[in-house]
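# Per-entry structural report
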Amino acid sequence: MYYLYLIESVKGRAGFGITSDPKERNKHYCSHSGDIVEFVYLYGGLRAHAKALERTIKTQYVDNLWTIEGWSTEWLNTSVGIDTLKQYVDLLINERHFNLVLIQTNYNFTQDL
């Protein structure tokens, strides 16, 4: 199984990414932020579908990706919230028949999947 996660920083910035190991990926976020950070929404399914969905998010939100000194991140400008991002992800899953399902909300590495 492969995962697409939607994350919110401790300051409320929405972000996204993909991983084959959500527990380890979440640990990295926590380690760098100095606090428990949750994957607000964690989807699981086919690797190819997770990657395609991530590419689509990057394309759709190209003008809203948080960019620092020319480096484009997988975080969004503060004008796009986590709820808006989730609505877009759910719409894409339904319209494009991506084999991804929401498997957990508010996930962090201290929990079992």
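Everything below is about the structure printed above this text.
Below or above, wherever it landed, is the structure these notes cover. Not measured: the values here are computed from a predicted model.

### Points about the pairing of strand S5 (residues 71-76)
Sheet topology places strand S4 (residues 65-68) next to S5; 3 bridges connect them, and they run antiparallel. What sits directly across from isoleucine 68, in S5, is tryptophan 71. Connecting the antiparallel pair S4 and S5 is a turn made up of 2 residues, with glutamate 69 showing a positive phi of about 45°.

### Considering the packing of aromatic side chains
Scanning the entire structure with this criterion turns up 6 aromatic pairs. Where tyrosine 5 meets tyrosine 29, the ring centres are 5.8 Å apart and the plane angle is 80°; that geometry is what we call edge-to-face. Here tyrosine 5, found in strand S1 (residues 2-8), pairs with tyrosine 29, found in helix H1 (residues 22-33); they are 24 residues apart in sequence, far enough to count as distant. Here the aromatic rings of tyrosine 5 and phenylalanine 39 are separated by 4.2 Å at their centres, their planes lie at 10°, and the arrangement is stacked. Residue tyrosine 5 is located in strand S1, and its partner phenylalanine 39 is located in strand S3 (residues 39-45); the two are separated by 34 residues in the primary sequence. Here the two residues tyrosine 5 and phenylalanine 39 agree in accessibility, since each one is buried. Put simply, the rings of Tyr5, Tyr29, Phe39, Trp75 and Tyr107 touch in pairs and so form one group of aromatic residues. Lying across the ring of tryptophan 66, arginine 13 places its NZ or CZ 4.0 Å from the centre. Positioned over the ring face of tyrosine 41 is lysine 86, at 5.2 Å from the centre of the ring.

Reading guide: rules and limits
- Residues numbered from 1 in each chain as written.
- Predicted model: local features only at pLDDT ≥ 70, side-chain atom pairs only at ≥ 80, totals over all residues.
- Heavy atoms only, no water.
- Pairing = 2+ DSSP bridges.
- Helix = DSSP H or I, 4+ residues; strand = E, 2+ residues; numbered from the N terminus.
- Phe/Tyr/Trp six-rings, centres within 6.5 Å; stacked < 30°, edge-to-face > 60°.
- Buried < 20%, exposed > 50% of the residue type's maximum accessible area, 1.4 Å probe, protein only.
- Lys NZ or Arg CZ within 6 Å of the ring centre and 35° of its normal.

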